[in-house]
Amino acid sequence: MQFTLEDITADEVERRMAVYGPLADTVRDLIDAVIRTEVDETVVTEANARLTAVVESLRANQIDGAFGVRHTAEGIGMPWGNAVIGLRNAIAPPLQVLKHPDGLVTADFTLGAAYEGPPGCVHGGVCAMLLDHVLGQAGSADDVPCYTGTLKMRYLRPTRLGPLHAEAIITEREGRKKIVRGAISDADGETVTAEGVFIVPKDWAGVMPESARIPPR
Ligand SMILES: CCCCCCCCCCCCCC(=O)SCCNC(=O)CCNC(=O)[C@H](O)C(C)(C)COP(=O)(O)OP(=O)(O)OC[C@H]1O[C@@H](n2cnc3c(N)ncnc32)[C@H](O)[C@@H]1OP(=O)(O)O
């Protein structure tokens, strides 16, 4: 498990974000449209044929395997395949995680039909995935990366699909372990809380080079 240096300028990062971000946004919109469409089935069949051609055009030149977590020499993170924040990943909402000076990390986001579990509500596994990430980024907010060791969730009440907020902060440290707590909230307050033990890998300096120690935006 290694972070990858991609030696490009900040301007080139911005340029690529402007190309791939809108593509993923359109695919995200497509996912929602596929779930909710009520058009005639012939239109559905035609749409599938057109989309199959689009997929084929994109597959004409591909990397092997997953995107990886790339960073520039200046420390700009490009975790663009990430399931929660990935710019190029249409499955990711994507969360824009903000890091505050006191170590708190926060994200405001909206979950639609693609994240449903119980009727009209967010799937419990999606809540766990988002909190795993937000707690993980809070755990790494001191620029010392850590992996989820144990994650405990408490589902207080159903989380309705719609606008939501998540936040997390390190509350305790013990050797390589960091205890991180956080929650997802809607307009009426917390719906899910989480507590995790996040562990700094023994060889973390080898896993993550100095130049990569700026968390992705
Ligand atoms: C380009 C820039 C990008 C930047 C991105 C940054 C943001 C990214 C954020 C994304 C975030 C997304 C998050 C993700 O998706 S992270 C992905 C999901 N997590 C994993 O895949 C982790 C897999 N597990 C491991 O790699 C190892 O087991 C780890 C590293 C966790 C520990 O293996 P290690 O060999 O190091 O452990 P040790 O035996 O020396 O024990 C050390 C201490 O830890 C205690 N312990 C051990 N295991 C557990 C456990 N499971 N629960 C609680 N405690 C545990 C143990 O008792 C001991 O404590 P003590 O006895 O000393 O008190």
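That block above? That's the structure.
Because the structure is predicted, anything quoted here is derived from the model rather than measured.

A. Spotlight on the site of the ligand. In the vicinity of the ligand, 23 residues are found, and the nearest of them are G149, T150, R176, K177 and K202. A distance of 3.2 Å separates a nitrogen atom of the ligand from a polar atom in the backbone of T148. G149 has a polar backbone atom sitting 3.0 Å from a nitrogen atom of the ligand. Coverage of the ligand by the protein chains reaches 57% of its 1300 Å² of free accessible surface. Going through the elements one at a time, strand 2 (70–71), helix 3 (124–139), strand 6 (147–155) and strand 9 (189–199) are the ones with two or more residues in the shell around the ligand. Looking at side-chain class alone, the shell around the ligand contains 9 nonpolar, 8 polar and 6 charged residues. When residues of the shell around the ligand are assigned to domains, at least three map to each of domain 1 (1–94) and domain 2 (96–213).

B. Structural context of the sheet that holds strand 8 (residues 177–186). Taken together, the 6 strands give an open sheet; going across it, the order is 4-5-7-8-9-6, and neighbouring strands pair in antiparallel fashion. In this open sheet, the two strands that pair with only one neighbour each are strand 4 (98–99) and strand 6. Strand direction decides the pairing type here: strand 8 and strand 9, joined by 10 bridges, are antiparallel. The residue of strand 9 that forms the bridge with I184 is V192. Of the strands in this sheet, strand 5 (105–111), strand 6, strand 7 (162–174), strand 8 and strand 9 touch helix 3, which is tilted by about 130° from strand 6.

C. Up close: the environment of A73. With respect to the helices and strands, the residue A73 is situated in the loop between strand 2 and strand 3 (77–78). Along the backbone, A73 and P158 are 85 residues apart, and their C-alpha atoms lie at a distance of 43 Å.

D. Local environment of the layout of surface pockets. The volume enclosed by the largest pocket comes to roughly 970 Å³. If you trace the largest pocket, you find 23 residues lining it, with L23, L58, R59, Q62 and R88 closest to the centre. Those elements that provide at least two residues to the lining of the largest pocket are helix 1 (10–36) and helix 2 (41–58). For the lining of the largest pocket, the element with the most residues is helix 1, which contributes 6 residues. When the residues that make up the lining of the largest pocket are grouped by side-chain class, the tally is 14 nonpolar, 6 polar and 3 charged.

E. Here's a closer look at the nonpolar core. Counting 29 residues, the largest nonpolar core has L95, F109 and L111 as its most contacted members. With 7 residues, the top contributor of residues to this core is helix 3. If sequence neighbours within four positions are ignored, L111 has contacts with P93, V122, V126, L130, L161, G162 and L164. Residues I8, V13, M78 and W80 belong to the second largest nonpolar core, which totals 5 residues.

F. Fine view of the sheet that holds strand 1 (residues 4–5). Reading across the sheet, the 3 strands line up as 1-2-3 and stay open at both edges, with mixed pairing between neighbours. Looking at strand neighbours, the two that pair on one side only are strand 1 and strand 3, the edges of this open sheet.

Parameters at a glance
- Residues numbered from 1 in each chain as written.
- Predicted model: local features only at pLDDT ≥ 70, side-chain atom pairs only at ≥ 80, totals over all residues.
- Heavy atoms only, no water.
- Near = heavy atom within 4 Å.
- Polar contact = N/O pair within 3.5 Å; in protein donor to acceptor, adjacent residues only side chain to side chain.
- Areas by Shrake-Rupley, 256 points an atom, 1.4 Å probe, with all protein chains shown as cover.
- Helix = DSSP H or I, 4+ residues; strand = E, 2+ residues; numbered from the N terminus.
- Nonpolar A, V, L, I, M, F, W, Y, C, P; charged D, E, K, R; others polar.
- Domains from an automatic or database assignment.
- Pairing = 2+ DSSP bridges.
- Contact = heavy atoms within 4.5 Å.
- Axes fitted to C-alpha atoms, helices over the stretch in contact; angles between N-to-C directions.
- 1 Å grid on protein atoms, 1.4 Å probe; cavity = no way out; pocket = protein on both sides within 12 Å on 5 of 7 lines; lining within 4 Å.
- Points joined across faces, edges and corners; volume = space filled by probe spheres on them.
- Core = buried A, V, L, I, M, F, W, Y, C linked by side-chain atoms within 4.5 Å.
- Buried < 20%, exposed > 50% of the residue type's maximum accessible area, 1.4 Å probe, protein only.

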